[in-house]
Amino acid sequence: MSSCGNWFLKSLFDVLILPCGRSHISPVPFSLDQAAPPRTERMAVDQDWSSVYPTAASFKPASVPLPIRMGYPVKRGVPPSKEGNLELIKIPNFLHLTPPAIKKHCAALKDFCTEWPSALDSDEKCEQHFPIEVETVDYVSSGTSIRNPKARVVTLRVKLSNLNLDDHAKKKLIKLVGERYCQETDVLTITTDRCPLRRQNYDYGMHLLTVLYHESWKTEKWESEKSEEDMEEYIWENSQSQKNALDTLLRIKASENVSNVTKEELLASEVVKNYRNSVIALKNEGETESNISQYKESVKKLLNIQA
Amino acid sequence: MGAPRSPPRRRALPPWRGRTCGPRSRFSFRAAGRAGAEPRWRRAGCGGGSVRSSTLMGARLAGSHVETQEPKTNPLVSVSDEPETLYKRLSILVKGHDKAVLDSYEYFAVLAAKELGISVEKVDKPPKTIERFTLLKSVHIYKKHRVQYEMRTHYMCLELKYLTSSTAAVYLEYVQRNLPEGVAMEVKKTKIEKIPEHIQKPVWDTLPQVEETEVKS
């Protein structure tokens, strides 16, 4: 082969190779006309949406076939469209939690649930069989720490009528707990938060309840010194009211010169019993229309006044 | 047949990592009015199993009477003997800065509760609170020029009634995993319990009488 023939072939090849040799220069800049069409155009109307968004994901305009617009419109314009819209990406979306997806999840989770016992269908029955209520609070929030110091607080609530207490024990317990007892609802509330862990606070709360219960059944020697000011409710026997009534009646009988009637007979009489009931009602329940009228009637009968 | 193997110990995962085998306790409450309280022998999953389950399996394979109405057991479900704790009320308070997000979350939570068979007592929407503060606009001086910021917190309270501990665990995990970004939740659980043994009767009756010793002064 002659050298001039070689040169001719080489120049031919050189001409052919040149258009493909762009690798040493920067690549062709990407332009959207060359990009593939968005996935939305290939989506069927009855597709399974939970496979497009199976988990929480940010908004992808090419995957969501909805003409959503969001943002503040420019003057005499419309809100910006979904392509490249940061507002749509910022906001949390619920595209992974459509009703069919929720139903699917719940159907899978249903096996792990247990039924509530059918016998406990009302609050009263729950109260009757399970008197103690323990209240705890859990906190979920985003932050650097998942712990919340308020989560260790435990509140115990129990109705005193469900505990095995006699009269003296109940009164002593109410005096021991003070403000933690509510008169109207008969509920004792114990709130514990002195321990660092919830389990410890719960144990401490149960320990407090046990100690209160047992201490209230004890009778100390100094409890016999309980005076009238310490009494929770008004007791008519051995009170000033009883003494006054008996005194008055005895004097009335003495002035009428009736044979000596004993105190026991007077106490057992109907008028004195009426008077006793009306005074007790007034003192314990407060002054109401019916109470005051009942007191008036009983006094009239006692002193034999016909008004 | 070899010696019965104890059931394989499940790895203890932290609560936010979720569980592959959700425990499902059998509730052993006996009440006066409850009829048909025989325990349901759900077969323990995770292979191996204790003696009881292997004999049951043997019984099934031998062709003895099998309950035909027994539904297909989920291999992930494991039943344990401990009695369930009962929750009288579950109060979920959700707080967020965006009302639309909370509305969507409410729809999701209510639908999830209905699908799982949990009774929703009520859905309350307390009014929003706005925390405002006024700061100086400039770094140095210019006291008359201020800038004001505010933080709006919207609330949504969901109250559920009568849940067992398994159901509550399942529902709460599902609902908490799907909590949106920037939304906080507080769950108030009210558990009901029987009066424990040591509070049934005062202990002084059972203790032996201790003679009071005179303090010699």
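Looking at an unreviewed UniProt entry, one finds chain A named Mitochondrial ribosomal protein S35, with Zonotrichia albicollis as its source organism.

Digging into the packing of aromatic side chains
This model, assessed by the stated rule, comprises six aromatic pairs over all chains. Ring centres of Trp116(A) and Tyr162(B) lie 5.0 Å apart, and the angle between their planes is 25°; this geometry places the pair in the stacked category. Of this pair, Trp116(A) sits in the loop between helix 3 (99-109) and helix 4 (123-129) while Tyr162(B) sits in strand 6 (residues 146-164), which puts the two residues in different chains. Tyr162(B) carries the same exposure label as Trp116(A), and that label is buried. When the centroid spacing of 6.3 Å and the interplanar angle of 45° are considered together, the rings of Phe133(B) and Tyr149(B) count as tilted. Of this pair, Phe133(B) sits in strand 5 (residues 129-136) while Tyr149(B) sits in strand 6, and the two are 16 residues apart along the sequence. By way of ring pairs, the aromatic residues Tyr105(B), Phe108(B) and Tyr174(B) are connected into one cluster. Over the face of the ring belonging to Phe130(A) we find Lys194(B), whose NZ or CZ atom lies 4.6 Å from the ring centre.

Focus: unusual backbone geometry
Within the chain, Asp186(A) stands out as a residue other than glycine whose phi angle is a positive 60°. On the accessibility criterion, Asp186(A) (13% relative accessible area) is buried. A positive phi angle, close to 55°, is found at Tyr162(B), a residue other than glycine. Taking the relative accessible area as the measure of exposure, Tyr162(B) reaches 15% and is therefore buried.

Some thoughts on the interface of chain B and chain A
Contact residues are listed per partner, giving 62 residues for chain B and 54 residues for chain A. It is Tyr162(B), Glu193(B) and Ile199(B) that lose the most area in chain B upon contact with chain A, and together they represent 13% of the buried surface on that side. The tally of links between chain B and chain A comes to three salt bridges. Between chain B and chain A we count 18 residue pairs in polar contact (both at pLDDT 80 or more) in total. Two strands pair when backbone bridges link them, and strand 1 (residues 132-140) of chain A and strand 7 (residues 184-193) of chain B are joined in this way by nine bridges, in the antiparallel orientation. By the bridge assignment, Val134(A) is partnered in strand 7 of chain B with Lys191(B).

Criteria and thresholds
Residues numbered from 1 in each chain as written. Chains lettered and ligands numbered in written order. Predicted model: local features only at pLDDT ≥ 70, side-chain atom pairs only at ≥ 80, totals over all residues. Heavy atoms only, no water. Phe/Tyr/Trp six-rings, centres within 6.5 Å; stacked < 30°, edge-to-face > 60°. Helix = DSSP H or I, 4+ residues; strand = E, 2+ residues; numbered from the N terminus. Buried < 20%, exposed > 50% of the residue type's maximum accessible area, 1.4 Å probe, protein only. Lys NZ or Arg CZ within 6 Å of the ring centre and 35° of its normal. Contact = heavy atoms within 4.5 Å. Buried area = accessible area lost by both parts, 1.4 Å probe. Salt bridge = Lys/Arg side-chain N within 4 Å of Asp/Glu carboxyl O. Polar contact = N/O pair within 3.5 Å; in protein donor to acceptor, adjacent residues only side chain to side chain. Pairing = 2+ DSSP bridges.

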